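# Structure assessment
Next come the chains, spelled out residue by residue.
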Protein chains: 6
Amino acid sequence: MDNWLPTLVTATPSEGYDLAVKLARIAVKKTQPDADERERMRPDYAGDADALIAVSQVVATNFATIAAANDYWRAGA
Amino acid sequence: MDNWLPTLVTATPSEGYDLAVKLARIAVKKTQPDADERERMRPDYAGDADALIAVSQVVATNFATIAAANDYWRAGA
Amino acid sequence: MDNWLPTLVTATPSEGYDLAVKLARIAVKKTQPDADERERMRPDYAGDADALIAVSQVVATNFATIAAANDYWRAGA
Amino acid sequence: MDNWLPTLVTATPSEGYDLAVKLARIAVKKTQPDADERERMRPDYAGDADALIAVSQVVATNFATIAAANDYWRAGA
Amino acid sequence: MDNWLPTLVTATPSEGYDLAVKLARIAVKKTQPDADERERMRPDYAGDADALIAVSQVVATNFATIAAANDYWRAGA
Amino acid sequence: MDNWLPTLVTATPSEGYDLAVKLARIAVKKTQPDADERERMRPDYAGDADALIAVSQVVATNFATIAAANDYWRAGA
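Presented here is an overview of the structure given in this document.

The rules we used
Residues numbered from 1 in each chain as written. Chains lettered and ligands numbered in written order. Predicted model: local features only at pLDDT ≥ 70, side-chain atom pairs only at ≥ 80, totals over all residues. Heavy atoms only, no water. Contact = heavy atoms within 4.5 Å. Salt bridge = Lys/Arg side-chain N within 4 Å of Asp/Glu carboxyl O. Helix = DSSP H or I, 4+ residues; strand = E, 2+ residues; numbered from the N terminus. Axes fitted to C-alpha atoms, helices over the stretch in contact; angles between N-to-C directions. Parallel < 35°, antiparallel > 145°, perpendicular 65-115°, else oblique. Nonpolar A, V, L, I, M, F, W, Y, C, P; charged D, E, K, R; others polar. Least-squares fit on C-alpha atoms with pLDDT ≥ 70 in both. Buried < 20%, exposed > 50% of the residue type's maximum accessible area, 1.4 Å probe, protein only.

This part is about the interface of chain F and chain A. Contacts between chain F and chain A engage 28 residues on the former and 31 residues on the latter. The interface formed by chain F and chain A holds one salt bridge in total. The partner of D18 of chain F in a salt bridge is K30 of chain A, and the shortest N-O contact between them spans 2.6 Å. Taken together, the elements giving at least two residues each to the side of chain F that touches chain A come down to α1 (13–31), α2 (35–46) and α3 (49–69) of chain F. The leading source of residues in the side of chain F that touches chain A is α3 of chain F, at 13 residues.

Okay, here's the thing in structure tokens:
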């Protein structure tokens, strides 16, 4: 995981959103490095409305950063 | 879902707000791809005040990004 | 609800704050379109300190957007 | 409560912070207009660590807006 | 507590972070002015992982404001 | 912990993200200085999906600050 995030620049907003999802997951991995443990917890959030909304909140915060980094893709895709 | 978000630009603040709602839902879909599962959870949040407030928080965060991307629609609709 | 939000510009910070409250409510309406259901839930949040604080958080986030859109009403009311 | 917020400009950061606290309370008043009800709930949050932290979060969000409005009081008090 | 916050400017990011922690505590003090009550609640959050994460969230929000006020200390310490 | 944060500037987004994680932990340390207590709580959040999502939210907020401080690493790594 040395340089897993070389840039915040993406070609399109869609790709920027995917990167926001990825960033949200990285923080979880860094706090709980055990992949089996994370897999065990998957049903805890994938089947829980409150947890899914909370995930969406994290993604929204990351997307704000990535969108700013890309100057909101105003120059066009 | 390849290029589902070609641009953050919308004609009006109302359309920008709708896009913010859409973004909030996309993160949920990407975390819980099973449509039946999501449908099953609908009453969990649609009938729960706390969950609805949390949804509103996610939308507010996304709307901030979209509003900035549109320079707050200052140029007029 | 076609163009319910024609502009983010308001004459005063007070009106901007009212708009922030309105935005917070719109996300709830779009997620739970049934007015009777929403009315049924009113005591759940209007009488619950945690829910009221959460509402205040959503309003604060929306107010940040609206304040920026109005350049913080620096030009005077 | 017509024009209760004529400006976001304050003389000092301290006053700006007080205004942030005020803003946090206004959203609560607008959602629960009954003063007796609000007074009844006071022990629910004033004696609860989680609620106090949540209040602090709302104040932090409002303070960010007010600080930006005052250009972070860089010009000096 | 008249002018307890004369400026948001600090010499280093470390000091800025300390100020962010202080801001987070002030909101709590203003909502619960009784020092004994606050002391009584200390174990409720100092020994609770969820509360500590919530505190960290408030500090992060305040730090964003202070960092912007200091132009991210780009000019060097 | 005198000058533990000399700068917000990092060479790459990856390092900036690591710094965001570090900032999230510092607030916890400052609120709960007892290392044994913090270690005791580790399973409370490392094995709890909701807590991990909340950690990810704090990291996202800190990353936004650090990304802005680095002008989003637009100049290249």
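Once that is clear, we can look at the packing of helix α3 (residues 49–69) of chain D against helix α3 (residues 49–69) of chain E. Orientation of α3 of chain D relative to α3 of chain E, taken along the N-to-C sense of each, is 10 degrees, at an axis distance of 9 Å. Viewed along their axes, α3 of chain D and α3 of chain E adopt a mutual orientation that is roughly parallel. On α3 of chain E, the residues touching D50, I53, S56, Q57, A60, T61, F63, A64 and A67 of chain D of α3 of chain D are A51, A54, V55, Q57, V58, T61, N62 and T65 of chain E. Looking at the contact of α3 of chain D with α3 of chain E residue by residue, the class counts come to nine nonpolar, seven polar and one charged.

Let us look at the relation of the copies chain C and chain D. Comparison of the two chain copies shows a relationship of rotation about an axis with a shift along it. Once chain C has been moved 0.0 Å along the axis and rotated by 60 degrees, it coincides with chain D to within an RMSD of 0.0 Å. Expressed as a symmetry operation, the mapping of one chain copy onto the other fits a six-fold axis. Proximity to the rotation axis, assessed at the C-alpha, singles out T61 of chain C in chain C; its C-alpha lies 6.8 Å from the axis. An overlap of only 14% is found between the interface residues of chain C and their copies at the interface of chain D, pointing to separate contact surfaces.

Looking now at the relation of the copies chain F and chain A. The operation relating chain F to chain A is a screw motion whose rotation component is 60 degrees, with 0.0 Å of axial translation and a residual RMSD of 0.0 Å. Residue by residue, only 14% of the interface of chain F is reproduced at the interface of chain A, so the copies engage with different surfaces.

A word on the arrangement of the chains. Between chain A and chain C there is no contact, and the shortest C-alpha to C-alpha distance separating them is 12 Å. Chain A shows no contact with chain D. Their nearest C-alpha atoms sit 14 Å apart.

Moving on, we get to the side chain of N70 of chain B. All names here are of chain B. In this structure, N70 sits in the segment after α3 (49–69). Given a relative accessible area of 11%, N70 falls into the buried group. Residues within four places of N70 in sequence aside, it is in contact with L8, V9 and T10.

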